[in-house]
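Structural features, examined
Single-letter residue listing:
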Amino acid sequence: MIDTHCHIDDPQYAEDLETFLAEQKLGGVEAMFVPGVDATSVIDVLRVCDTYPNYLYPALGLHPENVKEDWQNQLAMIKAVVDQRCATSNLNAASRLIAIGEIGLDYHWDVTFKNEQQSAMCEQMRWAQYYDLPVMIHSRDAIEDTLTILREFHSVKGVMHCFSGSHEVAQQVVKMGYYLGIGGVITFKNCKLADNLIGIPLERLVLETDAPYMAPVPYRGKRNESRWMLYVAERLAQVYECSTEHIIEVTTANAKELFIGK
Ligand SMILES: [Zn+2]
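What counts and how
- Counting restarts for each chain, with residues numbered from 1 along the sequence as it is written.
- At least 70 in pLDDT is required for a residue's local features to be given in this predicted model, at least 80 for side-chain atom pairs to be given and counted, and no such filter applies to totals for whole chains, interfaces and linings, which use all residues.
- Paired strands are those between which DSSP finds at least two bridges.
- Only runs of H or I of at least four residues qualify as helices and only runs of E of at least two qualify as strands under DSSP, and these elements are numbered from the N terminus.
- Whether two residues are in contact is decided by their C-beta atoms, placed from the backbone, lying within 7 Å.
- Helix axes use the C-alpha atoms of the stretch in contact, all axes being lines fitted to C-alpha atoms, and the angles between their N-to-C directions lie in the range 0 to 180 degrees.
- Exposed residues have 12 or fewer other C-beta atoms within 10 Å of their own C-beta, buried residues have 20 or more, and residues in between are partly exposed; the C-beta atoms are placed from the backbone.
- We call a crossover right-handed when, viewed with both strands directed away from the observer, the connection leading from the first strand over the helix to the second proceeds clockwise.

1. With respect to the sheet that holds strand β7 (residues 179-182)
Taking strand neighbours across the sheet as the criterion, the 8 strands line up as β1-β2-β3-β4-β5-β6-β7-β8 in an open arrangement whose pairing is parallel. In this open sheet, the two strands that pair with only one neighbour each are β1 (2-3) and β8 (205-207). Where strand β4 (residues 99-106) and strand β5 (residues 135-140) come together, 5 bridges link them in parallel fashion. When the bridges of β5 are listed, L105 appears paired with S139. Running at roughly 160 degrees to β4, helix α4 (residues 114-131) makes contact with β4 and β5 of the sheet.

See the structure below:
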């Protein structure tokens, strides 16, 4: 299994990180992708990924909820780190940059910076285009605007992280060449996501945790762990009427194709 989205730089993991990662490995997790969310976090993300190269891989970006008055400064700082990490001399770094993320639009709590969120997303889509990197997209209560921007950058591909949208949206996203990041939400009672995925090709799904959040049933509410993606895979096996092993095999290959294959 590959965890395509986890915030392992979160302080909740600091104390037992070494043991924690060993447990994930034993639990069948072969790699974890760690996105940044602002200028401070990208430094933490790189530090933790550089400590565990070939296991933790960094993505760098400004999360829409962190787009505030200082967004241009934040972007400039993150861009400098992205440029540095993508410089020719660093291309062989073990913890090479795997994506731009997480980026996107979030109108759920606050729309004060709606326009700025859109500008910040576009700017970061340009980085992805320039460096030929995939993107990790966060979209909450903003799907139409998100899809409009993604269509503008049709050469860029990526993941709709923590996907929980309708069947129609899933179809649109997949048609654009994007993948759906499926996490613990699919195991929650009364969640419609499983039904919405019927008919969506398995070749377009990747597993993720969004750890420390979104732990699957039976661990809902706990600090999330990548090895618990097994419960997500089991639920997907019911939806796709196949073995859990098959789900793991295909989603792992998908993650490699999108993030490592080029
Ligand atoms: Zn996230």
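This is not the end of the story, as more comes after the structure.
2. Description of the pairing of β4
Buried residues dominate β4, accounting for 8 of its 8 residues. Sheet topology note: the strand β3 (residues 56-60)/β4 ladder contains 2 bridges and is parallel. For L60, the partnering residue across the bridge sits in β4 and is I100. Taken together, β4, α4 and β5 form a β-α-β motif whose crossover is right-handed.

3. With respect to the environment of S243
With respect to the element layout, S243 can be found in the loop between α8 (229-240) and α9 (244-259). Considered as a pair, S243 and A233 are 10 residues apart in the sequence and their alpha carbons are 9.0 Å apart.

4. Some remarks on unusual backbone geometry
Cis geometry marks the peptide bond from A211 to P212, where omega comes out at 10 degrees. Considering the arrangement of structural elements, one finds P212 in the loop between β8 and α8. Cis rather than trans, the peptide bond between V217 and P218 has omega equal to 15 degrees. For P218, the position within the fold is in the loop between β8 and α8. Phi at N54 takes a positive value of approximately 65 degrees, unusual for a residue other than glycine. Secondary-structure assignment places N54 in the loop between α2 (39-51) and β3. Not every positive phi belongs to a glycine, and E241 is a case in point at roughly 50 degrees. Along the polypeptide, E241 turns up in the loop between α8 and α9. E241 gets classed as exposed once you count the C-beta atoms within 10 Å, which come to 6.

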